[in-house]
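Overview (structure and organization)
Now for the letters of each chain:
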Amino acid sequence: MRESKKLDIVEHDVEEIKKDIEFLNERLIDKRLQRFSRKDITNALFGALTVGLTFVFKGLLIEVGMRLPWSNVIMIVTMTLFILTTEIYFVGYRHVKNVKERPFGEFLIKRLIAMYLIAVVVSFFLLYLFGFIYLAGTLENFVKLIFVVAMPCAIGAAIPNLLKPE
């Protein structure tokens, strides 16, 4: 009877050690993809600001942006969303080990919304801050500029994810 208890204790200890090894493997060796956090949002904000500042002062972009028909602006928004989706899939989602636990839609939607919303807000902020609302002349032209400048801002928002160690 005593040997049976010792055997049970040893088996229990072995199971605990296996769990600890699996945990260490996930954290240290596999470097599993972490959840989307406030730090990711902050990094995306600074990435969007950095790239957005570069493009706000490009005169040709501003001139063309105000003269674009809405159909082109819609294509720019669509391409921006496509680029972000592609980046999220190839840089982030392909590293997910258990795709059944984390479906792509769930993984994509919060990142896509966060990054594009950050891009639009940063675009608006930069254009408003530097007085482009007066240069645009009309609210319609200003809104077009926001969406046009949001494209490079969105790519800038995605850069920290590209540079994140895997």
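Further up the page is the structure itself.
The present account deals with the structure reproduced in this document. Positions within a chain are numbered from 1, following the residues in the order the chain's sequence is written. pLDDT decides what is reported in this predicted model: residues at 70 or higher carry local features, side-chain atom pairs at 80 or more are listed and counted, and totals for whole chains, interfaces and linings draw on all residues regardless. Note that water and hydrogens are dropped before the side-chain values are worked out from all heavy atoms of the structure.

Our focus in this paragraph is the overall build of the chain. Along its length, the chain carries seven helices and zero strands. Put simply, DSSP marks the helices as runs of H or I at least four residues long and the strands as runs of E at least two long, and each gets a number from the N terminus on. Starting at the N terminus, the α and β elements of the chain follow one another as α-α-α-α-α-α-α. Note on classification: 1.4 Å probe, protein chains only; a residue is buried when its accessible area is under 20% of the maximum for its type, exposed when over 50%, partly exposed between these limits. For the chain, the proportion of its 166 residues judged to be buried stands at 32%. Note on contacts: a residue pair is in contact if any heavy atoms of the two residues lie within 4.5 Å. Pairs at least 24 apart in sequence give 77% of the contacts found in the chain among residues at least 6 apart.

With that out of the way, let us pick up the nonpolar core. Within soluble globular proteins, side chains that are nonpolar generally end up buried alongside one another. Nonpolar cores were defined as sets of buried Ala, Val, Leu, Ile, Met, Phe, Trp, Tyr and Cys residues, with membership established by side-chain atoms within 4.5 Å. Within the largest apolar cluster, 29 residues are counted, with the highest numbers of intra-cluster contacts made by Ile62, Leu84 and Leu127. Those elements giving two or more residues to this core turn out to be helix 2 (38–56), helix 3 (59–67), helix 4 (70–92), helix 5 (104–129), helix 6 (132–136) and helix 7 (139–163). The element that contributes the greatest number of residues to this core is helix 5, accounting for ten residues. Apart from residues lying up to four places away in sequence, leucine 84 is in contact with Leu112, Met115, Tyr116, Ala154 and Ala158.

A cluster of nonpolar side chains, namely Leu53, Phe57, Phe124, Phe125, Tyr128, Leu129 and Phe130, defines an oily patch on the protein surface of about 710 Å² accessible area. With four residues, helix 5 is the largest single contributor of residues to the nonpolar patch. Surface patches are drawn from residues lacking salt bridges whose relative accessible area is over 30%; two like charges belong together within 9 Å, two nonpolar side chains (Val, Leu, Ile, Met, Phe, Trp, Tyr) within 5 Å. Exposure was quantified through the Shrake-Rupley algorithm and a 1.4 Å probe, taking into account, for residues, occlusion by the shown protein chains and nothing else. Any Lys or Arg side-chain nitrogen located within 4 Å of an Asp or Glu carboxyl oxygen qualifies as a salt bridge.

Right, let's get into helix 3. Residues spaced three or four apart along an α-helix face the same direction, because each turn holds 3.6 residues. Among the residues of helix 3, Ile62, Gly65 and Met66 are the ones counted as buried. End-on view of helix 3: buried residues confined to an arc of 95 degrees, all on one side of the axis. Seen from the open side of helix 3, the exposed residues pointing more than 90 degrees away from its buried face are Leu60 and Arg67. The arc in question is the one traced by the directions running from the helix axis out to the C-beta atoms.

The next subject is the packing of helix 4 against helix 5. Packed helices, taken two at a time, are described by the angle their axes make and the gap between the axes. Only the stretch in contact is used when fitting a helix axis, every axis being a line fitted to C-alpha atoms; angles between N-to-C directions are given from 0 to 180 degrees. Following both chains from N to C, one finds helix 4 and helix 5 inclined at 130 degrees, their axes separated by 10 Å at the closest point. Taken together, the axes of helix 4 and helix 5 are oblique relative to one another. Considering only the axes of helix 4 and helix 5, their crossing is right-handed. Contacts between helix 4 and helix 5 involve Val77, Thr80, Leu81, Leu84, Thr85, Glu87, Ile88, Tyr89 and Gly92 from the former and Phe104, Phe107, Leu108, Arg111, Leu112, Met115 and Tyr116 from the latter. Of the residues that constitute the contact of helix 4 with helix 5, the class distribution is eleven nonpolar, three polar and two charged. Throughout this description, any angle smaller than 35 degrees is read as roughly parallel, any larger than 145 degrees as roughly antiparallel, any in the 65 to 115 degree range as roughly perpendicular, and the remainder as oblique. By convention the crossing between two helices is left-handed if the near helix lies anticlockwise of the far one by an angle smaller than a right angle, and right-handed if it lies clockwise. As a working rule, the residues Ala, Val, Leu, Ile, Met, Phe, Trp, Tyr, Cys and Pro are called nonpolar, Asp, Glu, Lys and Arg charged, and the rest polar, with Gly in that last group.

Two aromatic rings, drawn from Phe, Tyr or Trp (for Trp, its six-membered ring), form a pair once their centres lie within 6.5 Å of each other, and the interplanar angle then sorts them: stacked below 30 degrees, edge-to-face above 60, tilted otherwise. This model, assessed by the stated rule, comprises three aromatic pairs. For the pair phenylalanine 57 and phenylalanine 130, a centre-to-centre distance of 4.8 Å together with 70 degrees between the ring planes defines the contact as edge-to-face. Of this pair, phenylalanine 57 sits in the loop between helix 2 and helix 3 while phenylalanine 130 sits in the loop between helix 5 and helix 6; the two residues are 73 residues apart in sequence, bridging distant segments of the chain. Seen in terms of ring centroids, phenylalanine 124 and tyrosine 128 are 5.8 Å apart; in terms of plane orientation they differ by 15 degrees. Their pairing is stacked. With phenylalanine 124 and tyrosine 128 both in helix 5, this residue pair falls four residues apart, about one helical turn.

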